[in-house]
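Understanding the architecture of this molecule
Chain residues, written in single-letter form:
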Amino acid sequence: MTVTSEATTLWNGGLIDGSGQVAFRSSGIGTFDVNWKARSEGSTAVTTPEELIAAAHSSCFSMAFSAALAENGTPPESIDTTASVTFTPGTGITGSHLNVNAVVPGLEREAFDRIAADAKANCPVSKALAGIDITLEATLA
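These remarks concern the structure in this document. (Residues numbered from 1 in each chain as written. Predicted model: local features only at pLDDT ≥ 70, side-chain atom pairs only at ≥ 80, totals over all residues. Heavy atoms only, no water.)

This brings us to the pattern of salt bridges. Counted by the stated rule, this structure contains three salt bridges. Across the pair Asp113 and Arg109 runs a salt bridge whose closest N-O atoms are separated by 3.0 Å. Of this pair, Asp113 and Arg109 both sit in helix 3 (residues 109-122), four residues apart, roughly one helical turn. Overall, Asp113 belongs to the partly exposed group, its relative accessible area being 33%. (Salt bridge = Lys/Arg side-chain N within 4 Å of Asp/Glu carboxyl O. Helix = DSSP H or I, 4+ residues; strand = E, 2+ residues; numbered from the N terminus. Buried < 20%, exposed > 50% of the residue type's maximum accessible area, 1.4 Å probe, protein only.)

So this is what it looks like as structure tokens:
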């Protein structure tokens, strides 16, 4: 089954002085403000396309890693993943760093590293982000 997800952004004004709202249409979970200042300078009150990509990347990696660990016969107790997506004005999105901490009983470090690297390379969001540098820092607890 193919699933299509939708979000809509309504933007008013120019790039620098304008602003918009992005709405999650598929899930209806909310509408969030976006603007250039937050994107180029950072913000704790307004989201950015990069934060939305980070949410997608961290959740996709966690799902792929969980599935791969289960297929290995070592299902995880927990996986805590943070994706940090970097944006440089004038250049664009330059990278995504995945920082994962996982509790996986009975798994040796070498297998953990191999499975994490494979999940990083093969989760659908990583594949969609193939034009940027994706790095991984993984800790086995």
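Here the narrative resumes.
Looking now at the sheet that holds strand 1 (residues 7-12). Read from one edge of the open sheet, three strands run 1-2-3, paired in antiparallel fashion. Pairing within the sheet leaves two strands with one partner each, and these edge strands are strand 1 and strand 3 (31-35). For this sheet, the mean inter-axis angle between neighbouring strands, taken without regard to orientation, is 25 degrees. As defined by bridge partners, strand 1 adjoins strand 2 (residues 19-24) across six bridges and the pair is classed as antiparallel. (Pairing = 2+ DSSP bridges. Axes fitted to C-alpha atoms, helices over the stretch in contact; angles between N-to-C directions.)

Here we come to the packing of helix 2 (residues 49-71) against helix 3. Viewed as axis vectors pointing N to C, helix 2 and helix 3 meet at an angle of 135 degrees, and their least axial separation amounts to 9 Å. Between helix 2 and helix 3, the crossing angle belongs to the class labelled oblique. In this structure, helix 2 crosses over helix 3, and the sense of that crossing is right-handed. Of the residues in helix 3, those touching helix 2 at Phe61, Ala64, Phe65, Ala68 and Leu69 are Phe112, Ile115, Ala116, Ala119 and Lys120. Taken together, the residues of the contact of helix 2 with helix 3 sort by class into nine nonpolar, no polar and one charged. (Parallel < 35°, antiparallel > 145°, perpendicular 65-115°, else oblique. Left-handed = near helix turned anticlockwise from the far one by under 90°. Contact = heavy atoms within 4.5 Å. Nonpolar A, V, L, I, M, F, W, Y, C, P; charged D, E, K, R; others polar.)

Moving on, we come to the environment of Arg114. With respect to the helices and strands, Arg114 occurs in helix 3. Taking the C-alpha atoms as reference, Arg114 lies 14 Å from Val104; in sequence the two are 10 residues apart.

Compared with the 20 Å implied by 1.5 Å per residue over 14 residues, the 20 Å span of helix 3 between its first and last C-alpha is a close match. Along helix 3, the residues that are buried comprise Ala111, Phe112, Ile115, Ala116 and Ala119. Down the axis of helix 3, the sector holding all buried residues measures 130 degrees, keeping them to one side. For helix 3, exposure combined with an orientation more than 90 degrees from the buried face picks out Glu110 and Arg114. (Expected span 1.5 Å × (residues − 1). Arc of directions from axis to C-beta.)

It is worth spelling out the nonpolar core at this point. Judged by nonpolar contacts, the single largest core of 24 residues is most densely connected at Phe61, Phe65, Leu69, Val104, Leu107 and Phe112. For this core, the elements supplying multiple residues, two or more each, are helix 2, strand 4 (78-88), strand 5 (92-103), helix 3 and strand 6 (133-140). In terms of residues, this core owes the most to one element, helix 2, which gives six residues. Residues within four places of Phe112 in sequence aside, it is in contact with Phe65, Ala102, Val104, Leu107, Ala138, Thr139 and Leu140. (Core = buried A, V, L, I, M, F, W, Y, C linked by side-chain atoms within 4.5 Å.)

Turning next to the packing of aromatic side chains. All told, the structure shown has four aromatic pairs when counted by the stated rule. Summarising the aromatic geometry, the rings of Phe24 and Phe32 are spaced 5.6 Å apart at their centres and angled 75 degrees between planes, so their arrangement reads as edge-to-face. Judged by its relative accessible area of 26%, Phe24 falls in the partly exposed class. Residue classification places Phe32 among the partly exposed residues on the basis of a relative accessible area of 35%. Aromatic ring contacts, followed pair by pair, group Phe61, Phe65 and Phe112 into a single cluster. (Phe/Tyr/Trp six-rings, centres within 6.5 Å; stacked < 30°, edge-to-face > 60°.)

Bear in mind that shape data such as this cannot, by itself, settle questions of function.
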